[in-house]
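Chain by chain, the residues run as shown.
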Amino acid sequence: MRRNTQQRHGHGHTMKFICSVAVLAASAARTAAFTMPATPVQQSSAGGSTSTTRLHDAINRETPQGPPYSGPSSKPILDSVQFPRDMKRLDMRELQQLAHELRWEVIDSVSKTGGHFSSSLGVIELTVALHYVFDMPEDDIIWDVAHQCYPHKMLTGRRDRFPTLRQLGGISGFCKRKESEYDSFGAGHSSTSISAAQGMSVAKSMLNKRRNNCIAVIGDGAITGGMAYEAMNNAGYLSSRMIVVLNDNGQVSLPTGTQSAGGVRPASQLSAYTSNLLVSKPFQDFRDFAKGLNRLFPENVQDVNKRIDEYARGLVTGGTVFEELGFFYVGPLDGHDLDNLVPILEKLRDSDSSKPILLHLKTTKGYGYPPAMAASDRMHGVGKFDIATGVQQKGKAAAPSFTSIFANALIDAATDDRAVVGITAAMPGGTGMDIFGRRFPKRTYDVGIAEQHAVTFAAGMACEGLKPFCCIYSTFMQRGYDQVVHDVAIQNLPVRFILDRAGVVGNDGPTHHGCYDLAYLGCIPNLTIMSPSDEIELRNMVATCAGMDDGPSVLRYPRGVGYGAETLQGLFGYDLEDGEIPQKGVPVEIGKGRIIRLPGGVRALREEPAANGSTDSKIGAGSRGQKREHRVAILSFGTRLSEALVAADEVEEADSDLAVTVADARFMKPLDVDLIRSLVEDNGIIITVEEGSIGGFGDHVLHFLSLDGALDEGKLKFRPMVLPDTYFEAATQYEQYEMAGLNAHHIRGTVLRLAEKVEVPVLSE
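Residues numbered from 1 in each chain as written. Predicted model: local features only at pLDDT ≥ 70, side-chain atom pairs only at ≥ 80, totals over all residues. Heavy atoms only, no water.

Caption draft 1: Structural detail: the overall build of the chain. Looking only at helices and strands, the chain has 30 helices and 19 strands in total. For the chain, the proportion of its 765 residues judged to be buried stands at 60%. Looking at the chain alone, contacts between residues at least 24 apart form 76% of all its contacts between residues at least 6 apart. When the accessible surface of the chain is totalled, it reaches about 29,600 Å², and 51% of it is carbon and sulfur. (Helix = DSSP H or I, 4+ residues; strand = E, 2+ residues; numbered from the N terminus. Buried < 20%, exposed > 50% of the residue type's maximum accessible area, 1.4 Å probe, protein only. Contact = heavy atoms within 4.5 Å. Areas by Shrake-Rupley, 256 points an atom, 1.4 Å probe, with all protein chains shown as cover.)

Caption draft 2: Here's a closer look at the pairing of strand β5 (residues 328–334). The buried fraction of β5 amounts to seven of the seven residues, a majority that puts the element mostly inside the structure. Inspection of the sheet shows β5 paired to strand β6 (residues 357–362) by five bridges, in the parallel sense. Each residue of the ladder has a partner; that of Val 330, found in β6, is Leu 359. In this region the chain leaves β5, passes through helix α15 (residues 338–350) and returns to the parallel neighbour β6; the handedness of that crossover is right-handed. (Pairing = 2+ DSSP bridges. Right-handed = clockwise from strand over helix to strand, strands pointing away.)

Caption draft 3: Local environment of the sheet that holds β5. The five strands lie next to each other as β2-β3-β4-β6-β5, forming an open sheet whose pairing is parallel. Strands with a single pairing partner mark the edges of an open sheet, and in this sheet they are β2 (140–144) and β5. When the angles between neighbouring strand axes are averaged without regard to direction, this sheet yields 15°. Against the sheet, helix α9 (residues 193–206) touches β2, β3 (214–219) and β4 (243–248), its axis set at about 175° to β3. (Axes fitted to C-alpha atoms, helices over the stretch in contact; angles between N-to-C directions.)

Caption draft 4: Focus on the side chain of Ser 474. On the secondary structure map, Ser 474 appears in helix α21 (residues 474–477). The residues contacting Ser 474, other than those within four sequence positions of it, are Leu 499, Asp 500, Arg 501, Ala 502, Gly 514, Asp 517 and Tyr 520.

Caption draft 5: Region of the structure containing the confidence of the model for the chain. In the predicted model, the chain carries a mean pLDDT of 85, and 81% of its residues have values of at least 70. Counting contacts from residues 314–319, a segment whose pLDDT is below 50, to residues more than four positions away or on other chains yields 14 contacts. (pLDDT = per-residue confidence, 0-100.)

Caption draft 6: Region of interest: the packing of aromatic side chains. Taken as a whole, this structure holds 16 aromatic pairs when the rule is applied. Between Tyr 69 and Tyr 369, the ring centres sit 6.0 Å apart and the planes meet at 65°, which makes this aromatic pair edge-to-face. Taken together, the residues Tyr 69 in the loop between α3 (50–62) and α4 (76–79) and Tyr 369 in the loop between β6 and α16 (370–374) connect sequence positions 300 residues apart. Tyr 369 sits in the buried class, given a relative accessible area of 0%. Note on Tyr 473 and Phe 476: the rings are 5.4 Å apart at their centroids and 5° apart in plane angle, and the pair reads as stacked. Assigned by exposure class, Tyr 473 and Phe 476 land together as buried. (Phe/Tyr/Trp six-rings, centres within 6.5 Å; stacked < 30°, edge-to-face > 60°.)

Caption draft 7: Up close: the packing of helix α5 (residues 92–113) against α15. Taken N-terminus to C-terminus, the directions of α5 and α15 make an angle of 115°; their axes are 10 Å apart at the nearest point. One way to sum up the angle between α5 and α15 is to call them roughly perpendicular. With respect to the hand of their crossing, α5 and α15 are arranged in right-handed fashion. Facing Met 92, Leu 95, Gln 96 and Ala 99 of α5, the residues of α15 in contact are Leu 338, Asp 339 and Val 342. Each residue belonging to the contact of α5 with α15 can be placed in one class, and the counts come to five nonpolar, one polar and one charged. (Parallel < 35°, antiparallel > 145°, perpendicular 65-115°, else oblique. Left-handed = near helix turned anticlockwise from the far one by under 90°. Nonpolar A, V, L, I, M, F, W, Y, C, P; charged D, E, K, R; others polar.)

Caption draft 8: Highlighting the pairing of strand β15 (residues 631–637). Counting buried positions over the seven residues of β15 gives six, a clear majority of the element. In the sheet, β15 pairs with strand β16 (residues 659–664) via six bridges, with the strands oriented parallel. The residue bridging Arg 631 from the neighbouring strand is Ala 659, located in β16. For the crossover from β15 across helix α26 (residues 641–654) to β16, the handedness is right-handed. In terms of strand pairing, β15 meets strand β18 (residues 685–693) through six bridges, oriented parallel. Paired with Val 632 across the two strands is Ile 685, which belongs to β18.

Caption draft 9: Seen up close, the pattern of salt bridges. Under the criterion given, the structure shown has 38 salt bridges. Among the salt bridges present, the one from Lys 75 reaches Asp 108, with a minimum N-O distance of 2.9 Å. Of this pair, Lys 75 sits in the loop between α3 and α4 while Asp 108 sits in helix α5, and the two are 33 residues apart along the sequence. The exposure class assigned to Lys 75 is buried, which follows from its relative accessible area of 11%. When its relative accessible area of 19% is taken as the criterion, Asp 108 is described as buried. Where Arg 479 meets Glu 451, a salt bridge forms, and the shortest distance between an N and an O atom there is 3.0 Å. Remark: Glu 451 occurs in helix α20 (residues 451–463) and Arg 479 occurs in the loop between α21 and α22 (481–489); sequence separation between them is 28 residues. (Salt bridge = Lys/Arg side-chain N within 4 Å of Asp/Glu carboxyl O.)

Caption draft 10: Highlighting the nonpolar core. One finds Leu 98, Phe 117 and Tyr 369 to be the most contacted residues of the largest nonpolar core, which totals 64 residues. By residue number, the principal contributor to this core is α5, which donates nine residues. The residues touching Leu 98, leaving out its near neighbours within four places in the chain, are Ile 77, Leu 78, Val 81, Met 87, Leu 90, Val 128 and Leu 155. (Core = buried A, V, L, I, M, F, W, Y, C linked by side-chain atoms within 4.5 Å.)

Here is the structure:
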């Protein structure tokens, strides 16, 4: 039967707030000996309860210590748990077995779909303990950054939907309030959980709700974000009743261990601080000191217990930064020890104190699956993989990724100029800073999950003459917006903002799309904004940014790979020497776009045009584009250029009257107004295409056309093609662009409708 069932919730309980020294002493004994395990069995050999040791023995029997790896053949306890209420009848032994089965269910499921992986393996025991002790959805558990929520979802009625994970129409890889009442708060960006939990706690108190249990689970990476400290400062000030669980796994950046100016250790002094708590001499002394106090417990000396406990806490921590912020600090504890987690969480739950609590857990990312624990990135994000070996099923890319192309172009720039430095906010792998860091470790700066700091840090560097490249995902740059305006643009400092993952990103869904940067940056004076259409242009634009010393610049590009030499020559019309892509970029002229295709095809640029502007290429010539309303210009910004070129060929193949020109704008700020005016003069239809929301490139072009009088006489039809005003859920990038109406056949359809070559159905009333 479940323990403490008569005194479970919130307020009005007689149980003392402070955890007994006996419980903490047991925790200290386990935690002081705790080391990062190579396997679960090595963990148990360091110490722990008898039941934990038995569980590890069972895992040892079922999990080979070397490949091939495999899990249990059946999961009877997990099969009996549909929702958290089904866990309440389990005893400790069954909870431990549930954790074992749940871990292997995560491994089995993610091996078939891909997704965030090792973060979930590291919180299996914590997830089981939280759902056993607390009662969702009345109690609130908030996961930060929520990519560790897979076991939580499996225990809250969504296990059978995991084959659809991060797919069109499937379940999200993050918590989403509209997906389940058990997802207390949506997440995808980090460092938000403590603020949300505090808000929920205050609201429950003001509304006189019967229970007030709000738990924020935050990692040692997410807690590096400034917002987490703002929330802790306020929670201590207001004495908000809440529990913050610090999931300390030493993995601050993705991946942790990238060579940088700070070495290869985690990019966080707080991480070093919490690690020191684990091995500090006072902590080890307290273990021996506390063992002799067990005879005093429990009932008859509660006042003495309280005084001893307060004194002992001082010995354990020496006074922690969390206590200075007004939190009651408990830990560090072994986050994989259910025997310890459950009773401590029950005591914290049943306290009638309103003081915020920080429960510090030491966990291992990827725990229980040796291939993940051995990988440099702990298998943080994976594709489909072979469980027996951990080898991922990755197809060979036709060309390098845009991220790696950028990184190598930046290496070229840094080789030529010692002032070039790179900055990342805990995403060295995602931004290419890991590649740059291997070549220039002393010029690589990982600031942790701290985009605001990253931007102003770069501004300070620029003040002293360095050339900082501040490399941040488009979606995460939103977090440093005020600093872009106030600290960089107003002062016109030459910071180079590199926005990876522009446009839609695929399976991570709406929290990670880079849809808005053109809209939110385009309105800021002094910024130069550019976007490459292909890998050659990306290299050229890196070189362009490196040479810009008179103001800030923005370079945005999407998630994905380049096109390769064959496509660059055939579709884009490049004339590559020996069929090889240039490996070093050359600067392009600021604010100047280019014509890619004339009527008749990309080869028309190298042919003698006829009087009507068409050529004698195989697509056709002669009567093409005789009327102004049959001449169309597609002005693309970014990598939708390839889709525009395909659409132009399809339009001309489908209709011999139409003549299509395709141009690459290259720059949104400043606009190439000469190019736009020439397109207006020659064509009756202009269509802009971009990988951004309303308010971006198309709106800037439309604004110019209106002010320039190009729309006054009614001779020009204009259509902007943008990402529509909605959020795109997880799917492939192609599916998302299909939903957005930005693939080639959508562009073709827009041309044909504007040229009145297709009938547009009229909806009946």
